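Chain and residue survey
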Amino acid sequence: MKRKPISPKLLIRHKWKTKIFALLLVGFCFSTFLLMEAQYSRIGASSIFPLFVQKPKIAFLFLARNRLPLDLVWDEFFQGENDNRFSIYVHSRPGFLLNKLTTRSGYFLDRQVNNSIQVYWGEASMIQAEIILLQHALMDPSNERFAFLSDSCIPLYNFSYTYDYIMSTSTSFVDSFADTKEGRYNPKMDPVIPVNHWRKGSQWAILTRKHAEIIVKDGIVFPMFQQHCQAMTSLSCLQRKSLPEFWRDRPVPADNSKEHNCIPDEHYVATLLAHKGLEGEITRRTLTHTSWDISSNKGRERQGWHPVTYKLADATPMLIQSIKSALGVSKEATSHSLMR
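Numbers given to residues run from 1 along each chain, matching the order in which its sequence is written. Local features in this predicted model are restricted to residues whose pLDDT is 70 or higher, and side-chain atom pairs enter the listing and the counts only when it is 80 or higher, whereas totals over whole chains, interfaces and linings include all residues. The basis for every side-chain value is the complete set of non-hydrogen atoms in the structure, without hydrogens or water.

Here's the deal with the packing of helix H5 (residues 209–217) against helix H7 (residues 268–275)
- Two numbers describe how H5 lies on H7: the axes approach to 11 Å, and their chain directions differ by 95°. Our classification of the angle between H5 and H7 gives roughly perpendicular. Along its contact with H5, which presents His211, Ile214 and Ile215, the element H7 presents Tyr268, Val269, Leu272 and Leu273.
- Note that Gly is not counted as nonpolar here; it falls among the polar residues with everything else outside the nonpolar set of Ala, Val, Leu, Ile, Met, Phe, Trp, Tyr, Cys and Pro and the charged set of Asp, Glu, Lys and Arg. Here the contact of H5 with H7 is composed, by residue class, of six nonpolar, one polar and no charged. Between N-to-C directions, angles span 0 to 180 degrees; the directions come from axes that are lines fitted to C-alpha atoms, helices contributing only their stretch in contact. By definition, any uninterrupted DSSP run of H or I lasting at least four residues is a helix, any uninterrupted run of E lasting at least two residues is a strand, and each is numbered from the N terminus. Oblique is the label for every angle not falling under 35 degrees (roughly parallel), over 145 degrees (roughly antiparallel), or within 65 to 115 degrees (roughly perpendicular). Residue contacts are defined here by distance: any two heavy atoms, one from each residue, within 4.5 Å place the two residues in contact.

What about helix H6 (residues 221–228)?
- Note on classification: 1.4 Å probe, protein chains only; a residue is buried when its accessible area is under 20% of the maximum for its type, exposed when over 50%, partly exposed between these limits. Regarding H6, the residues found buried are Val221, Phe222, Met224, Phe225 and His228. The buried residues of H6 all sit within an arc of 160° when viewed along its axis, so they share a single face.
- The secondary structure elements touched by the buried residues of H6 are helix H3 (125–138) and H7. Comment: arc refers to directions from the helix axis out to C-beta atoms.

With respect to the pattern of salt bridges
- Any carboxyl oxygen of Asp or Glu that lies within 4 Å of a side-chain nitrogen of Lys or Arg is treated as forming a salt bridge with it. Scanning the model with the defined rule gives nine salt bridges in all.
- Here Arg199 makes a salt bridge to Glu279, at a shortest N to O gap of 2.8 Å. Of the two residues, Arg199 is situated in strand E7 (residues 199–200) and Glu279 in the loop between H7 and strand E9 (282–283); the sequence distance between them amounts to 80 residues. Note on accessibility: Arg199 and Glu279 belong to one class, buried.
- The partner of Glu266 in a salt bridge is Lys200, and the shortest N-O contact between them spans 3.5 Å. Taken as a pair, Glu266 in the loop between H6 and H7 and Lys200 in strand E7 lie far apart in primary sequence, 66 residues in all. An identical accessibility class is assigned to Glu266 and Lys200; each is buried.
- Within the structure, one salt-bridge network assembled from shared partners comprises Arg184, Lys200 and Glu266.

Following this line, the structure appears as structure tokens:
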């Protein structure tokens, strides 16, 4: 039986299929070769030039009225360090600009948040300013610790020691204790904030990223503070005073006629973390030293509800050493309230 002759059209179609398959095979092999070459080159280069590894940063969050009077001290602190291990954010009153005329340190140029608010003493606006700073700092995924500082803080140790100390633990540093004084807790906060969750401590906390995110996302505890926690003076309904630039020289006077002597920034962070059941994740102390004891500071004066103010003449090596000694463990503080 004779085989049926193959049509020339089928032969041509078959040849084209063979050519296309061959071209695809060659292209695949060539692509694989290039990929392997690139991978080999990357491995070889990384062994000679190790890839850059971003170290976790500390975000220094400055709450300032206007300028930073101790900027040169901080300039010395940051000298010699690139921004690989720290970042800076400043909240100052709306309308004030940190530029070459208002700061002597290049580290603070262009470091102001662009949505600052007017802060009123004894009101929740101080907490709101802290939240704004955290919101900006959390935009940088490298920021792992968040340290609140005032414009009257100075560092007591060099950057490397401070960095290593803060990063040596996975906890936040939050001064926190149960506050049993009458007049601090407002019963109107119950049941949202029960009294057994009420805490007091220093405003100057150092937070982990987890705790910073919890504060920014908080929509339960903060509204209660806005409504029911403020320094209620007999004139507070008529006068809302923002802090002047040098408020420690003209402090807000104490008033014994308080309904609820609730200073929001002294309670909020500690109370929120207690409310969230996270007190096991904090070290219960602040790394910022302030002195409230007049008897141990002869010749110095406490003004109203504010701690002892140290003037420029007080800033001696003996004072610094006494602060370190008072902490009980050498090299524990990172900053101290100090005014020029």
